[in-house]
Amino acid sequence: MSDTITIGVDHGYANMKTAHFSFPAGLVEYEYEPYTSQGVLEYGGRYYVVGSGRKPLQKDKTQTEDYYLLTLAAIAQELDLRQADHAANVHLAAGLPLTSFGRDKKGFRNYLFRDGKPVSFRYEGRHYTITITEVSLFPQGYAAVLTQSDLLNEPSVILADIGGWTVDLMRLDRRVPNAATCRSLELGMIRCLDEIGEQLRRGLGLSLTTAQIEAVLWGEPTYVEDAAKEIIHREADSYVVHLLSAITEAGLDTRAMPTIFLGGGAALLKRHIPPTAALCRPVVLDDVSLNAKGYERLVGQLSRDVGHG
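Residues numbered from 1 in each chain as written. Predicted model: local features only at pLDDT ≥ 70, side-chain atom pairs only at ≥ 80, totals over all residues. Heavy atoms only, no water.

Caption draft 1: Layout of the overall build of the protein. Tallying secondary structure elements over the protein gives 8 helices and 14 strands in all. Dimensions of the protein along its principal axes, counting C-alpha atoms only, are 55 × 55 × 30 Å. Relative to its full complement of 309 residues, the protein shows a buried share of 49%. Long-range contacts, defined as pairs at least 24 residues apart, comprise 65% of the intrachain contacts of the protein with a sequence gap of at least 6. Per element, the accessible surface of the protein, about 14700 Å² overall, is 49% carbon and sulfur. Computing the positive centroid from 31 side-chain charges and the negative centroid from 38, the protein places the two 5 Å apart. (Helix = DSSP H or I, 4+ residues; strand = E, 2+ residues; numbered from the N terminus. Buried < 20%, exposed > 50% of the residue type's maximum accessible area, 1.4 Å probe, protein only. Contact = heavy atoms within 4.5 Å. Areas by Shrake-Rupley, 256 points an atom, 1.4 Å probe, with all protein chains shown as cover. Lys, Arg positive; Asp, Glu negative; His and termini not counted. Charge placed at Lys NZ, Arg CZ, Asp CG, Glu CD.)

If you want it as structure tokens, here you go:
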């Protein structure tokens, strides 16, 4: 078995992210082998198509096996990319919102750790036996911004991590999170995309898929008609204004200090957050994998600190 490999996983409500991959947090179970091996996880005698659609909102991620299975798929993808042994020891690095970190840390760690026993499964036709030797949990958002040290020279900054269901807020004072300012707003991209879909149905009678709407927001070439694109961009602009207002109502003055936007929502909305605005001094980090990369970096830093201790 190989040396221990650190793999960061960001367990989003809408998407799973690792340092190199992002895929929808969807999971469809099959009793029999599906027609394709693409995205197929075989575990415990059952088959699961990973990344298929959007799963129903699951606020408690330990309530079902779904996020554990999605974690196995994420680990498999990273092991393949890194050309690592499929019989691997894995130090899993993950995160939780700072608002619920203390409350949920123990339960989420146990959910992912599973007593450190070897786990065998197949992903896309390849066999894996992994042993999660350790689970390290960090505050999401904060871990991501630590990869951008040049942005933290300001004495105070606002951090807004736009996820699938929530927008997690905190203020950093001289790089240290101010716990009293932490908020979790249920204003994530799922809300934005659902409202866009509703306005498209009302205005044009069109039922576009989430993938189509996201393609327009990304600025990708698409056959979506111009009238629909206009509605999509208009509603995205409206969402950003509403979000900035909600951040201010939460007690964080976006006019007084820089606001760092990150997460999958920040990447999608980058074109709708103006570089300068009366309501905001924004910095947009559009790498959806920043949290996962931050988790891995923090594990590395802690390991070096222990080694020099």
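Caption draft 2: Structural context of the sheet that holds strand 14 (residues 282-284). As summarised here, the arrangement of the 5 strands in space is 12-11-10-13-14, forming an open sheet in which the pairing is mixed. Of all the strands in the sheet, just strand 12 (176-185) and strand 14 have a single pairing partner and so form its edges. On average, adjacent strands in this sheet sit at an angle of 20 degrees to one another, irrespective of strand direction. The sheet contact formed by strand 13 (residues 259-262) and strand 14 spans 3 bridges and is parallel. Note that in strand 14 the partner of Phe261 across the bridge is Val284. (Pairing = 2+ DSSP bridges. Axes fitted to C-alpha atoms, helices over the stretch in contact; angles between N-to-C directions.)

Caption draft 3: Spatial organisation of the pattern of salt bridges. Inspection of every chain in the model, using the stated rule, returns 17 salt bridges. Among the salt bridges present, the one from Arg46 reaches Glu29, with a minimum N-O distance of 2.6 Å. Linking Arg46 in strand 6 (residues 46-50) with Glu29 in strand 4 (residues 27-30), this pair joins segments that are 17 residues apart in sequence. Judged by its relative accessible area of 29%, Arg46 falls in the partly exposed class. (Salt bridge = Lys/Arg side-chain N within 4 Å of Asp/Glu carboxyl O.)

Caption draft 4: Main features of the pairing of strand 5 (residues 40-43). Here 4 bridges tie strand 5 to strand 6, and the two strands are oriented antiparallel to one another. Residue pairing across strands places Glu42 opposite Tyr47, the latter belonging to strand 6. Summarising the sheet, strand 5 and strand 8 (residues 119-123) pair through 2 bridges and their orientation is antiparallel. By the bridge assignment for strand 8, Leu41 is matched with Tyr123.

Caption draft 5: Inspection of the sheet that holds strand 3 (residues 22-24) at higher detail. Strand order in the open sheet made by the 9 strands is 3-2-1-7-9-8-5-6-4, with mixed pairing throughout. The sheet terminates laterally at strand 3 and strand 4, the two strands that pair on one side only. Going from strand to strand, the sheet's axes swing by 35 degrees on average, the running direction of each strand aside. In terms of strand pairing, strand 2 (residues 15-18) meets strand 3 through 3 bridges, oriented antiparallel. If you follow Lys17 over to strand 3, its bridge partner there is Ser22. Of the strands in this sheet, strand 1 (5-11), strand 2, strand 3, strand 4, strand 5, strand 6, strand 7 (87-96), strand 8 and strand 9 (126-139) are in contact with helix 1 (residues 66-81), which crosses strand 9 at around 110 degrees. Here helix 2 (residues 101-113) sits on the sheet and contacts strand 1, strand 7 and strand 9; the angle it forms with strand 9, its principal contact strand, is near 165 degrees.

Caption draft 6: Representation of the nonpolar core in the model. With 42 residues, the main nonpolar core has Leu79 and Phe121 as its most contacted residues. Considering each element in turn, this core owes the most residues, 10 residues, to helix 1. Leaving out residues up to four positions away in the same chain, Leu79 has contacts with Ile5, Ile7, Ala84, Asp85, Ala88, Tyr128 and Ile130. Among the nonpolar cores identified, the runner-up in size contains 35 residues, and Ile158, Ile213, Val240 and Ile247 belong to it. (Core = buried A, V, L, I, M, F, W, Y, C linked by side-chain atoms within 4.5 Å.)

Caption draft 7: Expanded view of unusual backbone geometry. Phi is positive for Asp115, which is not a glycine, with a value near 65 degrees. Locating Asp115 in the fold gives a position in the loop between helix 2 and strand 8. Positioned with a positive phi, Glu124 is a non-glycine residue whose angle comes to about 50 degrees. Within the secondary structure layout, Glu124 lies in the loop between strand 8 and strand 9.

Caption draft 8: Molecular detail of helix 5 (residues 210-218). Taken together, the buried positions of helix 5 are occupied by Ile213, Ala215, Val216 and Leu217. Contacts from the buried residues of helix 5 go to helix 4 (189-204), helix 6 (226-249) and helix 7 (264-269). Looking one or two places after helix 5, you find Gly219, whose phi comes out positive at around 80 degrees.

Caption draft 9: Structural context of the environment of Leu243. Looking at where Leu243 falls in the secondary structure, it is placed in helix 6. The class for Leu243 is buried, based on a relative accessible area of 3%. Along the primary structure Leu243 and Ala160 are separated by 83 residues, whereas in three dimensions their C-alpha atoms are 9.9 Å apart. Excluding its chain neighbours within four sequence positions, the residues that come into contact with Leu243 are Ile162, Val167, Leu187 and Phe261.

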